[in-house]
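Chain residues, written in single-letter form:
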Amino acid sequence: MLSHTSLPVEGSLPSLRSALAAQRQAVLVAPPGSGKTTIVPLLLLAEPWLEGRKITVLEPRRLATRAAARRMAFLLGEQAGETVGYVTKTDRKVGPDTRIEVVTEGVLTRRLQRDPELPGVGLVVFDEFHERSLQTDLGLALALDAKRMLRPDLRLLVMSATIDADKIAGLLGGAPVIRSEARSFPVEVRWEPRPRQTWLEPHVVAVVRQALRTDGGDILVFLPGIGEINRVMNLLRDAGVEADIHRLHGSLSIEEQDAALTVASSRKVVLSTDIAESSLTVEGVRVVVDGGAARAPRFDSRTGMTRLKTIPISKASADQRSGRAGRTEPGVAYRLWSKVEHGPRKAHIEPEITQVDLAGFALELAAWGAADASDLDFLDRPPRRALAEAHRLLGLLGAVDGDGRLTESGRAMVNLPLHPRLARMVVDAGDDQALACLLAAVVDDRDILRGPSDEIPVDVALRIELVTGAADAHPNLDRRALERLRRNARDLARRADIKTNAVDPDHCGRVLALAFPDRLAVQRGTAGRFQLRTGTSAWMASSDSLAGERFVVVADLDGKRKDARIRLAAALVGDEVSAVYGHEVEERAELVWVDDRLMERRTVRLGGMVIEEREQRAAPGPEATAAVISRLQQRKLEDLPWTDAARSIRDRVAFLRNTVGSRWPDWSTPALVESLEDWLLPSLGLPTGFDRFDRLDLASVLRGRLGYPLAGELERLAPKEITVPSGRSVRVDYSRDWPTVAVRVQEMYGTTTTPTVGGQPVVLQLLSPARRPLQITRDLGGFWTGSWSDVRKEMAGRYPKHDWPDDPATATPTS
């Protein structure tokens, strides 16, 4: 039987009963301490429309779930598990006579997915809706859809102290809004802004000590996170405060949480995260010290990473926190910011659906059969970009097919209370499923190693060795966290029907890659510097045991878009990369040039990431020959062994083509490049590089290309050499604009006739005894009768020992 309470919310019960009986849904707005969480479900148990069915009450946190169930059971004079029970992810206390089940939000979602009719349930209560967790929004949307399609008799009740009631009532189809205006006891708000250049923790300690001196009752302190809680606790102990100091956050054991919530024989100071902001009643609290900040998850769709960010709390959250001080008698709330700073704060916190990773949300939608979020009713729509990223990840994990429908793996993943990444790892780990359960627990919970970042090793395999007892105790090991992790891993294995057996820490990389296929990272340059498959750079301390690994799979990063710090990872070798990524891995063989050698480079790639690379000399064959020909064409024949003889024959043919006619071939560079396969390929054999071209006689190749009778005519019409009057053979240079012969002037005495090739006079470059040009001419006789006399006078004075005749045309040539 319910003991007498006289809580303010009881005055609203008649209106609430009428609304639920007639319209089957309602919104209840009641201030903190009014009793809505514990009294309302109890007083609705006897409603005729329930017809003996259960009431399911959703709480956003596990701690609040247990506390609310225990409080209701206490009011009935019972233990949790009798009329009132609770179910969380890791704990369950219900019995055959349980009529009220207090559950965490994920539990309701699982039940709706298994059976949308919710058999045996007559009322679903969404408590503390103002916290706007993603699971709360999803649970309400699924419940509304089930009510519309299958269970029109299902009652829905949304409750909170600080919500936009009219907006929620509209989502519920115009549901009545019932307000309980009375507050249990007044709370005096005192503003104690933190001085500039003062850290939060010392200021909190100063205000707590002041409150201990001036105010009665226990003190509840709100801090952003566990780090701040631990630092404040140490400062208070160092200051010798006369009070018991308790911590309160979700990572503590049930015993530690209970100690913080219950009345003590002496004054106590409870240091809490925002877990105590709503639902919970911390017995004996008369004073609240509010740090004004909280940790909230923020998802970056560009990097696919979620990180906790410290943000200012909303005005509604500040009111919720202040209300903790007025639950049983008048209280005091110290706010560690000013009234001026309070003004611009947001009225309500931003709903998680607009801020967090939506992969699990998208998986639930697919399991429900909703093609898109627009198929269901949400108070706030999820951002398109974040939802698109979630769908992309589900496809990468193999949870959905190309049409967005659940695969076999996806259906198995939905049934596990894990993020889709970790669920996929457990489902698809094969013989390593026991290891996957341990890894999921390691990644999903707080790290079992504590301390400064530079002192904490990155290797996840070390955690597995500590969990399994394969490694000795680590100096940074948190033993309570270790035991909690072991329990969570065992519970997960039980849920997934996996036998716990021996695990191999060396398999951590290949198993973790199932959860984080997009977080494969390859070392870049120096030890500790990595490039993720997504393109993001990341790093770890160069002294870390994994810093020298070529590949790691990253499970946790600090969330920075550029140069993120790796917090948790596992090593992966090249063969494991190929095995894990299977069809995504591509092996390529390509021919590449290394200096003048043609090499076959075999590369194993995952997208743009090189997993393995090796080179060997290219084998002779058509592909190698084609590569050689292509390189010759690109480099305009520069790599061929152009000897003087080869250049000479080519120049001589070019001269004849210009003077005699087109029956002589075009051996210009463009022409030879275009016809390379015709004239050169037969002489190459099976080439594999230019380093073996030294055996190629290019002059003979070209001469053979001329054929008969042109090869014979070449020597007659464009000889390599001509004989000058001195009797010496002199080379003809065909590389110039016109065939040119360089000869000392004395060798041309005795004639007035200019030598010819191909019937054309050559250009004579007449040289001095020092082989410097004296005259360039194609008219030797004209030179003798013209400018020779001037040249003779100058040269006779400079070179008196040489013969400088007056009439060189009749003089005797000398060499």
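Reading the values: rules and limits
- Residues numbered from 1 in each chain as written.
- Predicted model: local features only at pLDDT ≥ 70, side-chain atom pairs only at ≥ 80, totals over all residues.
- Heavy atoms only, no water.
- Helix = DSSP H or I, 4+ residues; strand = E, 2+ residues; numbered from the N terminus.
- Rg over C-alpha atoms; globule rule 2.2 N^0.38 Å.
- Buried < 20%, exposed > 50% of the residue type's maximum accessible area, 1.4 Å probe, protein only.
- Contact = heavy atoms within 4.5 Å.
- Areas by Shrake-Rupley, 256 points an atom, 1.4 Å probe, with all protein chains shown as cover.
- Lys, Arg positive; Asp, Glu negative; His and termini not counted.
- Charge placed at Lys NZ, Arg CZ, Asp CG, Glu CD.
- Pairing = 2+ DSSP bridges.
- Axes fitted to C-alpha atoms, helices over the stretch in contact; angles between N-to-C directions.
- Phe/Tyr/Trp six-rings, centres within 6.5 Å; stacked < 30°, edge-to-face > 60°.
- Lys NZ or Arg CZ within 6 Å of the ring centre and 35° of its normal.
- Parallel < 35°, antiparallel > 145°, perpendicular 65-115°, else oblique.
- Left-handed = near helix turned anticlockwise from the far one by under 90°.
- Nonpolar A, V, L, I, M, F, W, Y, C, P; charged D, E, K, R; others polar.
- Core = buried A, V, L, I, M, F, W, Y, C linked by side-chain atoms within 4.5 Å.
- Salt bridge = Lys/Arg side-chain N within 4 Å of Asp/Glu carboxyl O.

> How do you make sense of the overall build of the protein when you look at a structure like this?
Within the protein, the secondary structure is distributed over 29 helices and 31 strands. Against the globule reference of 28 Å for 815 residues, the protein gives a C-alpha radius of gyration of 45 Å, more extended than a compact globule. With the C-alpha coordinates of the protein rotated into their principal frame, the extents come out at 150 × 55 × 55 Å. Expressed as a percentage of the 815 residues in the protein, the buried residues total 53%. In the protein, of all internal contacts separated by at least 6 residues, the share reaching a separation of at least 24 is 66%. Approximately 36,700 Å² of the protein is accessible, and the part contributed by carbon and sulfur atoms is 46%. For the protein, the centre of its 112 positive side-chain charges and the centre of its 112 negative side-chain charges are spaced 3 Å apart.

> Quick question: what am I supposed to make of the pairing of strand E20 (residues 551-557) here?
Summarising burial for E20: six of the seven residues are buried, a large majority. The pairing of strand E17 (residues 520-523) with E20 spans three bridges and is antiparallel. Residue pairing across strands places Leu520 opposite Val553, the latter belonging to E20. Looking at chain direction, E20 and strand E21 (residues 564-571) are connected through five bridges and run antiparallel. Note on E21: the bridge partner recorded for Val553 is Ala570.

> What is the right way to read the sheet that holds strand E11 (residues 244-248) from this model?
Across a sheet, paired strands are connected by hydrogen bonds in the backbone, their directions being either parallel or antiparallel. If you trace the six strands from one edge of the open sheet to the other, you get E9-E16-E13-E10-E12-E11, paired in parallel fashion. With partners counted over all chains shown, the strands left at the sheet margins are strand E9 (187-191) and E11, one partner each. Averaged over all neighbouring strand pairs, the angle between strand axes comes to 20 degrees, with direction disregarded. In this structure, E11 lies alongside strand E12 (residues 268-272), joined through five bridges in parallel fashion. Paired with Leu248 across the two strands is Ser272, which belongs to E12.

> Got a minute to help me understand the packing of aromatic side chains in this structure?
Each aromatic ring pair is summarised here by two numbers: the centre-to-centre distance and the angle between the ring planes. The tally for this structure, following the rule as stated, stands at ten aromatic pairs. Centroid distance Phe655 to Tyr734: 5.5 Å. Interplanar angle 50 degrees. Geometry classified as tilted. Of this pair, Phe655 sits in helix H22 (residues 644-659) while Tyr734 sits in the loop between strand E26 (729-731) and strand E27 (740-744), placing them 79 residues apart in sequence. Note on Tyr734: relative accessible area 6%, which makes it buried. Arranged with centres 5.4 Å apart and planes meeting at 85 degrees, the rings of Trp784 and Trp788 form a pair that is edge-to-face. Each member of the pair, Trp784 as well as Trp788, carries the same accessibility label: buried. An aromatic cluster is built from Tyr749, Phe783, Trp784, Trp788 and Trp804, whose rings are joined through pairwise contacts. The lysine or arginine in question, Arg345, covers the ring of Trp337, its NZ or CZ lying 4.2 Å from the ring centre. Note that Arg650 overlies the ring of Trp642, its terminal NZ or CZ placed 4.9 Å from the centroid.

> Please explain the packing of helix H5 (residues 134-149) against helix H12 (residues 359-368) as it appears in this structure.
Relative placement of two packed helices is described by the angle separating their axes and the distance separating the axes. Running from N to C, H5 and H12 point in directions that differ by 15 degrees, and their axes come no closer than 11 Å. When the axis of H5 is compared with that of H12, the two are roughly parallel. For the crossing formed where H5 meets H12, the hand is right-handed. Together, Leu134, Leu138, Leu142, Asp145 and Ala146 of H5 and Phe361, Glu364, Leu365 and Trp368 of H12 make up the contact between the two elements. Its residues placed into classes, the contact of H5 with H12 shows seven nonpolar, no polar and two charged.

> What is the right way to read the nonpolar core from this model?
Considering soluble globular proteins, one finds that nonpolar side chains tend to be buried as a cluster. Counting residues in hydrophobic clusters, the biggest one holds 109 residues, and the most contacted among them are Phe126, Phe361 and Met425. Beyond its immediate chain neighbours, meaning those up to four positions away, Phe126 contacts Leu58, Leu108, Thr136, Gly139, Leu140, Ala143, Leu156, Leu157, Val158 and Met159. Grouped together as the second largest cluster of nonpolar side chains are 59 residues, Trp664, Leu672, Val732 and Tyr749 included.

> Quick question: what am I supposed to make of the pattern of salt bridges here?
Using the criterion set out here, one finds 56 salt bridges in the structure. Across the pair Lys346 and Glu350 runs a salt bridge whose closest N-O atoms are separated by 2.2 Å. We classify Lys346 as partly exposed; its relative accessible area is 48%. For Arg486, the salt bridge is made with Glu483, and the minimal N-O distance between the two is 2.7 Å. One end of the pair is Arg486 and the other is Glu483, both in helix H18 (residues 479-495) and three residues apart, which spans about a single turn. For Arg486, a relative accessible area of 21% corresponds to the partly exposed category. The exposure class assigned to Glu483 is partly exposed, which follows from its relative accessible area of 36%. Overlapping salt bridges, with partners in common, bring together Arg132, Asp137, Lys167 and Asp380 in one network.

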